[in-house]
Amino acid sequence: MLEKNRLDTYFEDTTSPKNKKLSDVAKHTKFVRLSKLFLPIIAAAIVGMLLIIPALKEAADEIDLNFAKPKYGDFEKLHVENTTFYITDEDNKVSNFYTIGIDETFPGSKLIKLTNPQGTVNTKNDKWVSLKSTVGFYNQNTNFLDLKENTEVVFSDGMEVKTEKVAFDFSKSFGHTDTPVIGHGVFGDINSESMEFDAKTKVIIFKGKTSIKINENSFKGNKK
């Protein structure tokens, strides 16, 4: 068995006052050495920040922030992305258009802006007219679609037309453009100053100065 006096020695502080004094001196010496090592590093970091901050401020002053301040009422405008909307004509024929963005021109307006609209106007006898443009505006009150940039019109009989603008009245299934037209079809190529087309009767009228280059094969009948 362990003697009581011997057991007590495990819990006694055997460090003499002299040893404690030496230990305190060692700790102080270690602290001084660490201070000599890290203080120059900290000082260098502070000097570096003082040099960098003015440069950052100067660079920030040179940045032109072109963020437009929102106008009053902008947050109330309708905005829809990647959607399909449907338009019904007087014969209850439904046409569908896909657009990557729909925006009201102003809050509560019935005139909406369309970004990259593309869709099909359905007519009788399974005929159709495809319309595509970079930008368009649709008036819900008048049922009128106004395509503004890089417009393409494709007819189900094979005629493809490119022009800058096209206006289409869904109430009458009638479209027209006053900008130059370049067309390609099974019969040949056509260039014209303007164009009208009726989606119901499938009649296309080229107006103004017009030139037509007809493919020779279009005059040839099918040989038996």
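Computed from a predicted model, the values in this text were never measured in an experiment. (Residues numbered from 1 in each chain as written. Predicted model: local features only at pLDDT ≥ 70, side-chain atom pairs only at ≥ 80, totals over all residues. Heavy atoms only, no water.)

Draft legend 1. Main features of the overall build of the protein chain. Secondary structure summary: the protein chain contains two helices and 14 strands in total. Counting across all 224 residues of the protein chain, residues that qualify as buried make up 23%. Summarising the internal contacts of the protein chain: among those between residues at least 6 apart in sequence, 35% fall at separations of at least 24. In the structure as shown, the protein chain presents an accessible area of about 16,700 Å², 57% of it carried by carbon and sulfur atoms. (Helix = DSSP H or I, 4+ residues; strand = E, 2+ residues; numbered from the N terminus. Buried < 20%, exposed > 50% of the residue type's maximum accessible area, 1.4 Å probe, protein only. Contact = heavy atoms within 4.5 Å. Areas by Shrake-Rupley, 256 points an atom, 1.4 Å probe, with all protein chains shown as cover.)

Draft legend 2. Representation of the environment of D91 within the structure. For D91, the position within the fold is in the loop between β1 (79–88) and β2 (94–104). With a relative accessible area of 36%, D91 lands in the partly exposed category. For the pair D91 and S173, spaced 82 residues apart in sequence, the C-alpha separation works out to 9.7 Å.

Draft legend 3. Main features of the side chain of S109. Mapped onto the fold, S109 is located in the loop between β2 and β3 (111–115). Residue classification places S109 among the buried residues on the basis of a relative accessible area of 8%. A polar contact is formed between the side chain of S109 and the backbone nitrogen of L111, at a distance of 2.9 Å. (Polar contact = N/O pair within 3.5 Å; in protein donor to acceptor, adjacent residues only side chain to side chain.)

Draft legend 4. Layout of the pairing of strand β11 (residues 174–177). The alternating pattern of β11 places G175 and T177 on a buried face and F174 and H176 on a face that is not buried. Looking at chain direction, strand β10 (residues 166–169) and β11 are connected through three bridges and run antiparallel. The partner of F168 across the bridge, within β11, is G175. From the end of β10 to the start of β11, which pair antiparallel, there are four residues, and S173 there has a positive phi angle of about 55 degrees. In the sheet, β11 pairs with strand β13 (residues 188–198) via four bridges, with the strands oriented antiparallel. Residue pairing in the sheet places H176 in a bridge with E196 of β13. (Pairing = 2+ DSSP bridges.)

Draft legend 5. Here's a closer look at the nonpolar core. In this structure, L131 and F197 are the most contacted members of the largest nonpolar core, which totals 23 residues. Of all the elements in the fold, those that place two or more residues in this core are β1, β2, β3, β5 (128–132), β7 (144–147), β8 (151–155), β10 and β13. Apart from the residues lying within four places of it in its own chain, the contact partners of L131 are F97, P117, Q118, G119, V121, L145, L147, E152, V153, F168 and F197. (Core = buried A, V, L, I, M, F, W, Y, C linked by side-chain atoms within 4.5 Å.)

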